[in-house]
Amino acid sequence: MYAIVRAGGRQEKVSVGDVLIIDKVSGQAGDAVELTPLMVVDGTTVTTDGDALAKVKVSAEVVKAAKGPKIVIQKYKNKTGYKKRQGHRQPLTQVKITAIDA
């Protein structure tokens, strides 16, 4: 059994026990998080109906907070003495899928 869930603007394929990195969600390590299911596949049965999916719960546990890779932003203009360098690391959260209740 697996599910396609909405996780911070993206869709992720998850099953019980999977550990994935999603956009930052509030909560400390050990807190429970509910993810919105978009599709559930159980053997040969595929559920995509909105009313049926309202009854489905995908539970996850926050493992830890994380940061994405360093993105270096550099601007340069020739012959004017202008050079600017800055960086950015996107805040992320690592979660573990604990249950898919269909």
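Definitions and cut-offs
- Residues numbered from 1 in each chain as written.
- Predicted model: local features only at pLDDT ≥ 70, side-chain atom pairs only at ≥ 80, totals over all residues.
- Heavy atoms only, no water.
- UniProt positions renumbered as here; feature names shortened; annotations may be inferred.
- Helix = DSSP H or I, 4+ residues; strand = E, 2+ residues; numbered from the N terminus.
- Rg over C-alpha atoms; globule rule 2.2 N^0.38 Å.
- Core = buried A, V, L, I, M, F, W, Y, C linked by side-chain atoms within 4.5 Å.
- Buried < 20%, exposed > 50% of the residue type's maximum accessible area, 1.4 Å probe, protein only.
- Patch = residues over 30% accessible without salt bridge, like charges linked within 9 Å, V, L, I, M, F, W, Y side chains within 5 Å.
- Areas by Shrake-Rupley, 256 points an atom, 1.4 Å probe, with all protein chains shown as cover.
- Salt bridge = Lys/Arg side-chain N within 4 Å of Asp/Glu carboxyl O.
- Lys, Arg positive; Asp, Glu negative; His and termini not counted.
- Charge placed at Lys NZ, Arg CZ, Asp CG, Glu CD.
- Phe/Tyr/Trp six-rings, centres within 6.5 Å; stacked < 30°, edge-to-face > 60°.
- Lys NZ or Arg CZ within 6 Å of the ring centre and 35° of its normal.
- Pairing = 2+ DSSP bridges.
- Contact = heavy atoms within 4.5 Å.

By the naming in an unreviewed UniProt entry, the chain is Large ribosomal subunit protein bL21, taken from Ornithinimicrobium cryptoxanthini. What the UniProt record of the chain gives under Sequence similarities (unreviewed entry) is the line "Belongs to the bacterial ribosomal protein bL21 family."

This part covers the overall build of the chain. Assigned secondary structure in the chain consists of one helix and nine strands. Each helix and strand of the chain, placed in order from N terminus to C terminus, yields the pattern β-β-β-β-β-α-β-β-β-β. For 102 residues, the compact-globule estimate of 2.2 N^0.38 gives 13 Å, and the C-alpha radius of gyration of the chain, at 19 Å, exceeds that figure by more than 25%. For the chain, the spread of C-alpha atoms along the three principal axes comes to 65 × 30 × 20 Å.

Moving on to the nonpolar core. Membership of the largest hydrophobic core comes to 17 residues, with the highest contact counts inside it found for Ala3, Val14, Leu35, Val58 and Ile97. Listing elements by their share of this core, those giving two or more residues are strand E1 (2–7), strand E3 (19–23), strand E4 (32–42), strand E6 (57–67) and strand E9 (91–101).

Attention now moves to the side chain of Ser59. Position of Ser59 relative to the elements: it lies in strand E6. When its relative accessible area of 15% is taken as the criterion, Ser59 is described as buried.

Right, let's talk about a positive patch on the surface for a bit. On the surface, Lys67, Lys70, Arg85 and Arg89 cluster together into a positively charged patch. Along the chain, Arg89 falls in the loop between strand E8 (82–88) and E9. Arg89 sits in the partly exposed class, given a relative accessible area of 43%.

Scanning the model with the defined rule gives zero aromatic pairs in all. Over the ring of Tyr2 we find Lys13; its NZ or CZ atom is 4.4 Å from the centre of that ring.

Looking at chain direction, strand E7 (residues 71–77) and E8 are connected through seven bridges and run antiparallel. Across the sheet, residue Ile71 finds its bridge partner in E8, namely His88. Where E7 folds back onto E8 in an antiparallel hairpin, the turn is made up of four residues, including Lys79, whose phi is positive at roughly 65°.

Turning our eyes to something else, we now look at the environment of Gly87. With respect to the secondary-structure elements, Gly87 resides in strand E8. Sequence separation between Gly87 and Lys64 is 23 residues; the distance between their C-alpha atoms is 23 Å. Beyond its immediate sequence surroundings of up to four residues, Gly87 is in contact with Lys70 and Ile71.

Taken as a whole and assessed by the stated rule, the structure comprises two salt bridges. The closest approach of N and O atoms between Glu12 and Arg10, which form a salt bridge, is 3.6 Å. When its relative accessible area of 37% is taken as the criterion, Arg10 is described as partly exposed. Between Asp23 and Arg10 there is a salt bridge; the shortest N-O distance is 3.5 Å. With Asp23 in strand E3 and Arg10 in strand E2 (residues 10–14), the pair connects residues that are 13 residues apart, well separated along the chain. Taken together, the shared-partner salt bridges connect Arg10, Glu12 and Asp23 into one network.

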